Amino acid sequence: MSDEKLHFGLAPLRSVYRCATNILDLNLDTMLRVYDYLAELTDQVRLACTGPKFREAYKIWARTHRHTLNVEDLETMRLPEMINFFTLAGPFIKVLLVDCAWNDKESLLVEFIAEFCKNLEEIYYTNVTDDFHYGAIMSRMRHLKRITIHCEDAEDVLSFDLQGNRGLEYFELVNGCYTGKHLCGFPKLQTLVLRECLLWNSGEFGIPLKSLRILNLDDCCFEVMNESLYQKIADCCLNLEELHFSGCDSHFEVIAQLPKLKRCTLKTWVTSNELNIGFLNTLAEQRGNRLTHLHLSGQFEITNEHARALGLLHSLEELRWSNNDNLEDDHFKFFNDLGLLECFGLCSCDCVTDVGLMRLLRKCAQLRLMDLKECDQITNEFVLNAIGCLAKPTPCRHLVINVLGTKIKEGLLTSMAYLAPLNNVKLNFIRA
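Bear in mind the structure is a predicted one, so any value in this text is a computation, not a measurement.

Rules used in this analysis
- Residues numbered from 1 in each chain as written.
- Predicted model: local features only at pLDDT ≥ 70, side-chain atom pairs only at ≥ 80, totals over all residues.
- Heavy atoms only, no water.
- Helix = DSSP H or I, 4+ residues; strand = E, 2+ residues; numbered from the N terminus.
- Buried < 20%, exposed > 50% of the residue type's maximum accessible area, 1.4 Å probe, protein only.
- Contact = heavy atoms within 4.5 Å.
- Areas by Shrake-Rupley, 256 points an atom, 1.4 Å probe, with all protein chains shown as cover.
- Polar contact = N/O pair within 3.5 Å; in protein donor to acceptor, adjacent residues only side chain to side chain.
- Patch = residues over 30% accessible without salt bridge, like charges linked within 9 Å, V, L, I, M, F, W, Y side chains within 5 Å.
- Salt bridge = Lys/Arg side-chain N within 4 Å of Asp/Glu carboxyl O.
- Lys, Arg positive; Asp, Glu negative; His and termini not counted.
- Charge placed at Lys NZ, Arg CZ, Asp CG, Glu CD.
- Phe/Tyr/Trp six-rings, centres within 6.5 Å; stacked < 30°, edge-to-face > 60°.
- Lys NZ or Arg CZ within 6 Å of the ring centre and 35° of its normal.
- Disulfide = S-S within 2.5 Å.
- Pairing = 2+ DSSP bridges.
- Arc of directions from axis to C-beta.

(A) Structural context of the overall build of the chain. For the chain, the count of helices and strands is 14 helices and 18 strands. Out of the 432 residues in the chain, the part that is buried amounts to 47%. For the chain, the share of sequence-separated contacts (at least 6 apart) that also reach a separation of at least 24 residues comes to 62%. When the accessible area of the chain is evaluated, it comes to approximately 20,900 Å², of which 51% is carbon and sulfur surface.

See the structure below:
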């Protein structure tokens, strides 16, 4: 039987589906859509190099997108293709990812990036050592806003120059050595993160603290720990809203003077478990001032005086404890003025039992969420008592309890008390 009969008098399939349109004849809207489907920057640039129309379409498309370059994606590129890549894509690259352990073509890439990627706004370095050749990129940029540097060794003293980037807003150094010399004179710097770092010249601490809103000095080792650093923070950080700090013993009370502090995370340090009572008492005198979130992590020594001061922080909306075996049920007796508390977190605090949590629940009328993790003294009894406490129709209160690593059993979800119409407690069993 002929093709014509098979297709009921229509032309053969080969002629029906023959297409005479070349990909370079696509209209602009279609070309732009093609770029939307290409996830890799290198593939987008390769397509742009196929012809003038795709090149012009790429430039239009790139202006409305934020490009990220991972230098490892250039590993297989030869020099001619690399030249085309940076010539076309360089002006549109905003974010740079650099694994400094990968040093193939290092000098060449530094030059290409510095020459063609003039509009970079963010750089994320990993595996940095004191042989920090990629750091030269920063000194040749003018629009950097965010920099993150993760070092291999905390004893590596880095040398870099950021002075041309007056708009710097965020700087993070992890596991490195900071000398206080590189961040002077940045009026827009709002977030400074120095984690697991060695801090030299801490008395000077050459940082534009006045503009900071977030300061994170978590697990840092200070060459000299004295009141000058605390006092400098208290005097200069007038706009500080969030503070993370390891070690808060003598002289730390001046930090309570910060007028806009809202969120505070304090951790014990290897040399001290003291929780500065002057800091808590100063806040208690102001009923917490503006402090809304407080997280205490580590084996802080907690006395009744500490608990009494904490119980007077009326402004608190969230209170969290982590890894503390000194917090006990009796301390909850003093939490009498936490009327705004909505969230309470407890992680690896093995001396708190159902009794302490029920005291908190009865005292804090706004409490809506409890996060309980790895607390093996918390049992089904607490949940059943909470159901009974909140069963009253007036005032109507609802409580969500997130549970991980406690003695609260999932079988409770099918109990009569939990399924009762008046139950206002919801359990979430979080998987590890």
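That covers the picture; the talk isn't over yet.
(B) Structural context of the side chain of His244. When you line up the elements, His244 lands in strand E11 (residues 242-246). Reaching out from His244, the side chain makes a polar contact with the side chain of Glu242 at a distance of 2.8 Å. Contacts of His244, omitting those with residues within four sequence positions, involve Leu215, Asn216, Leu217, Asp218 and Thr265.

(C) Spatial organisation of a negative patch on the surface. A cluster of acidic side chains, namely Glu40, Glu72, Asp73, Glu75 and Asp104, defines a negative patch on the protein surface. With respect to the secondary-structure elements, Glu75 resides in the loop between strand E1 (67-70) and helix H6 (79-89). Overall, the relative accessible area of 44% leaves Glu75 in the partly exposed class.

(D) Local environment of helix H7 (residues 106-116). Among the residues of H7, Glu106, Leu109, Val110, Phe112, Ile113 and Ala114 are the ones counted as buried. On its buried face, H7 sits against H6, strand E2 (93-99) and helix H8 (136-139).

(E) Representation of the side chain of Ser322 in the model. Checked against the element boundaries, Ser322 lands in strand E14 (residues 318-322). Owing to a relative accessible area of 9%, Ser322 belongs among the buried residues under this scheme. Excluding residues within four positions of it along the chain, Ser322 makes contact with His295, Leu296, Ser297, Gly298, Cys347 and Cys349.

(F) The arrangement of the pattern of salt bridges in detail. Under the criterion given, the structure shown has 18 salt bridges. With its nearest N and O atoms 3.6 Å apart, the salt bridge here joins Asp330 to Lys333. Take Lys333: its relative accessible area is 41%, and that puts it in the partly exposed class. What you see here is one network of salt bridges that share partners, running through Arg66, Lys94, Glu121 and Glu122.

(G) How the structure looks around the packing of aromatic side chains. All told, the structure shown has 15 aromatic pairs when counted by the stated rule. Centroid distance Tyr35 to Phe54: 6.3 Å. Interplanar angle 75 degrees. Geometry classified as edge-to-face. One end of the pair, Tyr35, is in helix H3 (residues 28-36); the other, Phe54, is in helix H5 (residues 52-62), with 19 residues separating them in the sequence. On the basis of an interplanar angle of 90 degrees and a centroid distance of 6.0 Å, the ring pair of Tyr58 and Phe92 is categorised as edge-to-face. In this pair, Tyr58 sits in helix H5 while Phe92 sits in the loop between H6 and E2, placing the two residues 34 residues apart along the sequence. Clustering of aromatic rings is evident, with ring pairs tying together Tyr35, Phe54, Tyr58, Trp61 and Phe92. Taking NZ or CZ as reference, Arg146 lies 3.6 Å from the ring centre of Tyr170, over its face. Cation over ring: Arg166 sits above Phe186, and NZ or CZ is 6.0 Å from the ring centre.

(H) The arrangement of the state of the cysteines in detail. One pass over the structure, following the stated rule, counts zero disulfides. Cys151 carries a free sulfur, and the closest cysteine sulfur to it, the one in Cys197, is 7.0 Å from it. Given a relative accessible area of 9%, Cys151 falls into the buried group.

(I) Structural view of the environment of Cys351. Here Cys351 lies in the loop between strand E15 (343-347) and helix H12 (354-363). By relative accessible area, Cys351 is classed as partly exposed at 34%. Once residues within four sequence positions are removed from consideration, Cys351 is found in contact with Asp325, Leu327, Glu328 and Asp329.

(J) Main features of the pairing of strand E9 (residues 214-217). Sheet topology places strand E7 (residues 191-195) next to E9; three bridges connect them, and they run parallel. Within E9, the residue paired with Val193 across the bridge is Asn216. One ladder, built from four bridges, connects E9 with E11; its direction is parallel. Counted as the bridge partner of Leu217 is Phe245 from E11.

(K) Main features of helix H10 (residues 277-285). Turning to H10, its buried residues number three or more, namely Phe279, Leu280, Leu283 and Ala284. The buried side chains of H10 occupy one side of the element, clustering within an arc of 130 degrees when seen end-on. The inward-facing, buried residues of H10 abut strand E12 (263-267) and helix H11 (304-310). For H10, the side-chain oxygen to backbone nitrogen distance between the N-cap and Gly278 is 2.9 Å, and the N-cap itself is Asn276. One or two steps after H10, the chain reaches Arg287, where phi turns positive at roughly 55 degrees.

(L) Spotlight on unusual backbone geometry. Of note in this structure, Asn175 is not a glycine but carries a positive phi near 60 degrees. Among the structural elements, Asn175 can be located in the loop between strand E5 (170-174) and strand E6 (177-178). At Ser348, a position not held by glycine, the phi torsion is positive, near 55 degrees. By the secondary structure assignment, Ser348 is in the loop between E15 and H12.

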